[in-house]
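Here is how the chains run, residue by residue.
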Amino acid sequence: MPPRNLDRLTRVYGPATWDVYERLDESLNPQGPDWLHELAGRYLQPGDVVLDAGCRDAEHLIRLVRANQITGVGVDPVGIHIERARSAVDAAGLADRITVDQRVMHELPYDEGHFDFVWCRDVLEQVDDLDGALGEVARVMKPMARLLVYTTFATHLLDGRDAEMMRRHIGNVEGNLEVGHVEAAFRRADLRIERKDAIGTEWREYAEERTQPGSRALLRLSRLRRQRDDIIAGHGQDIYDHIEANLHWEIFQFLGKLLPVVYVLTRP
Ligand SMILES: C[S@@+](CC[C@H](N)C(=O)[O-])C[C@H]1O[C@@H](n2cnc3c(N)ncnc32)[C@H](O)[C@@H]1O
């Protein structure tokens, strides 16, 4: 007697299934994160003054300044980032065109209408005073200036346990992964959405096809969990929990539980 599920097994191992797998081994030529620089370039003119809000080590600010004949200011509250940013700016020979300051977005020592463009990449997730930060950024923007935001939101696929784990991410601020919360803050700061692009999984596909960071994150996650007690004893529960959550970030983007989104905002 053949097994009762022979039809299903035959379908599973038949050519229709394998054809699809073969198709999935071919790249869909996803767009990569360089697109964000291309997008910024469309709004920049030589001589413009740009703010990088949450500049970290100034990697992106240096690239923007080099590519667009502009000058820039980077702010970040974390001392080690500012030290690295200053070294990177010096090493790039751009100290006359880039200044970096240890500051928060919600206290910017610049006059109203000082900047032609604001770059804010992967920062809003961590901003504790979202209203203060966006209000202050809007204040220092020229009337025709653009604010480019790249940030990540939770989707309906991020279930209760996932969300609970993400709350143990030390960097993120509760609520800032909610699209409604962030877009309401844009409105309160009088910032109008001119353009909104959901990046979806494309940047992840792009990176995975080249350097496999998702695979590396999973490998690290397995090793983290297998050394759980030791790592907690040596480094603390908070660090263990944070790293566990952070190693899910890219994977959740792949799975559509987290959605990266790009906005271009103006002052109406
Ligand atoms: C994920 S990193 C992204 C850094 C950089 N923009 C990039 O794309 O490589 C987030 C950065 O936001 C900074 N940050 C967090 N809260 C901030 C605030 N209130 N104002 C300015 N920067 C902030 C952090 O220190 C960190 O450097």
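Our structure's up above, just so we're on the same page.
Residues numbered from 1 in each chain as written. Predicted model: local features only at pLDDT ≥ 70, side-chain atom pairs only at ≥ 80, totals over all residues. Heavy atoms only, no water.

All right, on to the sheet that holds strand 7 (residues 258-266) then. Here seven strands make up an open sheet; going across it, the order is 3-2-1-4-5-7-6 and the pairing mixed. Sheet topology places strand 3 (98-102) and strand 6 (192-198) at the edges, where each strand pairs with a single neighbour. For this sheet, the mean angle separating the axes of adjacent strands, direction not counted, is 15°. By the bridge criterion, six bridges tie strand 6 to strand 7 in an arrangement that is antiparallel. Paired with Ile-193 across the bridge in strand 7 is Leu-265. (Pairing = 2+ DSSP bridges. Helix = DSSP H or I, 4+ residues; strand = E, 2+ residues; numbered from the N terminus. Axes fitted to C-alpha atoms, helices over the stretch in contact; angles between N-to-C directions.)

To continue, consider the pairing of strand 4 (residues 115-121). Within strand 4, six of the seven residues are buried, which leaves the element mostly enclosed by the surrounding structure. The sheet contact formed by strand 1 (residues 49-53) and strand 4 spans three bridges and is parallel. When the sheet's bridge partners are listed, Asp-52 is paired in strand 4 with Trp-119. After leaving strand 4, the chain enters helix 6 (residues 130-140) and then returns to the sheet as strand 5 (residues 141-154), a path that is right-handed. (Buried < 20%, exposed > 50% of the residue type's maximum accessible area, 1.4 Å probe, protein only. Right-handed = clockwise from strand over helix to strand, strands pointing away.)

What follows covers the layout of surface pockets. The calculated volume of the second largest pocket comes to roughly 230 Å³. For the second largest pocket, the lining is made up of 13 residues, of which Arg-167, Glu-174, Gly-175, Leu-177 and Glu-178 are closest to its centre. Residues of the lining of the second largest pocket, tallied by class, amount to six nonpolar, four polar and three charged. (1 Å grid on protein atoms, 1.4 Å probe; cavity = no way out; pocket = protein on both sides within 12 Å on 5 of 7 lines; lining within 4 Å. Points joined across faces, edges and corners; volume = space filled by probe spheres on them. Nonpolar A, V, L, I, M, F, W, Y, C, P; charged D, E, K, R; others polar.)

What follows is about the site of the ligand. In the vicinity of the ligand lie 14 residues, with Gly-54, Asp-76, His-81, Met-105 and Arg-121 positioned nearest. Contacts to the ligand include Asp-76, whose side-chain N or O atom sits 2.6 Å from an oxygen atom. For the shell around the ligand, the per-class residue count stands at six nonpolar, four polar and four charged. (Near = heavy atom within 4 Å. Polar contact = N/O pair within 3.5 Å; in protein donor to acceptor, adjacent residues only side chain to side chain.)

So, on to the packing of helix 3 (residues 34-43) against helix 4 (residues 59-68). Axis separation between helix 3 and helix 4 bottoms out at 11 Å; the angle between their running directions is 45°. Considered as vectors, helix 3 and helix 4 are oriented oblique to each other. Helix 3 and helix 4 meet at a crossing whose hand is right-handed. Residue-level inspection shows Asp-34, His-37, Ala-40 and Gly-41 of helix 3 in contact with helix 4, the latter providing His-60, Arg-63, Leu-64 and Asn-68. Of the residues assigned to the contact of helix 3 with helix 4, the class counts are two nonpolar, four polar and two charged. (Parallel < 35°, antiparallel > 145°, perpendicular 65-115°, else oblique. Left-handed = near helix turned anticlockwise from the far one by under 90°. Contact = heavy atoms within 4.5 Å.)

Purely geometric numbers; function is a separate question.
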